[in-house]
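Structural description and commentary
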Amino acid sequence: MEVIKLKLDVTEIELDALIPHQTKSNPGQETIEGQARRLLLDIKELVTPTLLYEFCQPCFDERGLVLTFDGKKLAFSPEDGLSDLKAADEVFVGLATIGPAIEEKIEIYNSRNELLVSYILSELSVAVMGQVIKKIKNLLLDIARQRGYGVSLVHIPGSTPGLPLSLQPLIVEGLNGRAYGITVNEHDIIKPFYSVTFMVGMGSNYARDELLPKCPGCSRKDSCAWRNK
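Quick notes on the rules
- Residues numbered from 1 in each chain as written.
- Predicted model: local features only at pLDDT ≥ 70, side-chain atom pairs only at ≥ 80, totals over all residues.
- Heavy atoms only, no water.
- Phe/Tyr/Trp six-rings, centres within 6.5 Å; stacked < 30°, edge-to-face > 60°.
- Helix = DSSP H or I, 4+ residues; strand = E, 2+ residues; numbered from the N terminus.
- Buried < 20%, exposed > 50% of the residue type's maximum accessible area, 1.4 Å probe, protein only.
- Lys NZ or Arg CZ within 6 Å of the ring centre and 35° of its normal.
- Pairing = 2+ DSSP bridges.
- Axes fitted to C-alpha atoms, helices over the stretch in contact; angles between N-to-C directions.
- Contact = heavy atoms within 4.5 Å.
- 1 Å grid on protein atoms, 1.4 Å probe; cavity = no way out; pocket = protein on both sides within 12 Å on 5 of 7 lines; lining within 4 Å.
- Points joined across faces, edges and corners; volume = space filled by probe spheres on them.
- Nonpolar A, V, L, I, M, F, W, Y, C, P; charged D, E, K, R; others polar.
- Arc of directions from axis to C-beta.

As for the packing of aromatic side chains
In this structure the tally under the stated criterion is five aromatic pairs. Ring centres of Y53 and F92 lie 4.8 Å apart, and the angle between their planes is 15°; on these two criteria the pair is classed as stacked. Remark: F92 occurs in strand 6 (residues 90-97) and Y53 occurs in strand 2 (residues 50-56); sequence separation between them is 39 residues. This pair shows no difference in class: Y53 is buried, exactly as F92 is. When the ring centre of F60 is taken as reference, the NZ or CZ atom of K86 above it lies at 5.4 Å. A cation over an aromatic ring shows up here: R147 above the ring of F55, its NZ or CZ 4.3 Å from the ring centre.

Structural data, given as structure tokens:
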């Protein structure tokens, strides 16, 4: 398993989604913009963007997809929507997080009833995750090109149709997430909250050279970091 500490440039974070241009003349929006820009200065100290990943050799048997993590075999059900990974020479299994500190800060603001600041920091956290995902996309595509591989669609538990959230405990276990403070609760939700698990097939049988999520009907497809370059 590999662990990468990702570098984040807060100047890359765009505030347009939080503060639309057409409403910036509104005094309330000016307040939000000012708060957002001040909070951006804290972001770098609050987040620890980290990627845990493993390249696994895919094997399909009566249990479904079986992946081996450091000698430990984990089986994914045939009903889990991973059949297109049969074409993969390798499967990239990843877990990305920006750490717990920013979530803890949001909870502090909530406890003080500073709801506007809490809301803005939450939205900025989503934007930070978007930047992290873009960096991961570039890393994945660079690896695929170096190996002469195409890539599958991105499989995201809980977001990809047919791919249940219940896969997250398997991925977190396989990548030894607990050693890095990453856990899954009884509802299969990752802690820290601003984290994501995903799987991507790579191999000579794929013609695609761009990473796209396997969720064409998603209501957030226009703002999705997996879709945007």
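A few points about the sheet that holds strand 2
The five strands are arranged 1-2-6-10-7 in an open sheet whose pairing can be described as antiparallel. This sheet does not close on itself; its edge strands, each paired only once, are strand 1 (2-5) and strand 7 (150-155). If you compare each strand with its neighbour and ignore which way they point, the axes differ by 20° on average. Pairing geometry for strand 2 and strand 6, over seven bridges, is antiparallel. Bridging across to strand 6, Y53 finds its partner in G94. Taken strand by strand, helix 3 (residues 115-146) contacts strand 1, strand 2, strand 6, strand 7 and strand 10 (195-203), and its axis lies near 20° from that of strand 10.

Structural notes on empty space enclosed by the protein
Inspection of every chain in the model, using the stated rule, returns one cavity of 30 Å³ or more. Every residue along the wall of the largest cavity is listed here: L141, A144, R145, Y149, G150, V151, R208 and D209. Contributing elements (two or more residues each) for the lining of the largest cavity: helix 3 and strand 7. Tallied by class, the residues present in the lining of the largest cavity amount to four nonpolar, one polar and three charged.

Topic: helix 2 (residues 101-111)
Since the α-helix advances by 3.6 residues per turn, residues separated by three or four positions end up pointing in the same direction. Three or more residues of helix 2 are buried, namely I102, E103, I106 and Y109. With its buried residues spanning 115° around the axis, helix 2 presents them on a single face. Just beyond helix 2, the residue with positive phi is N113, at close to 65°.

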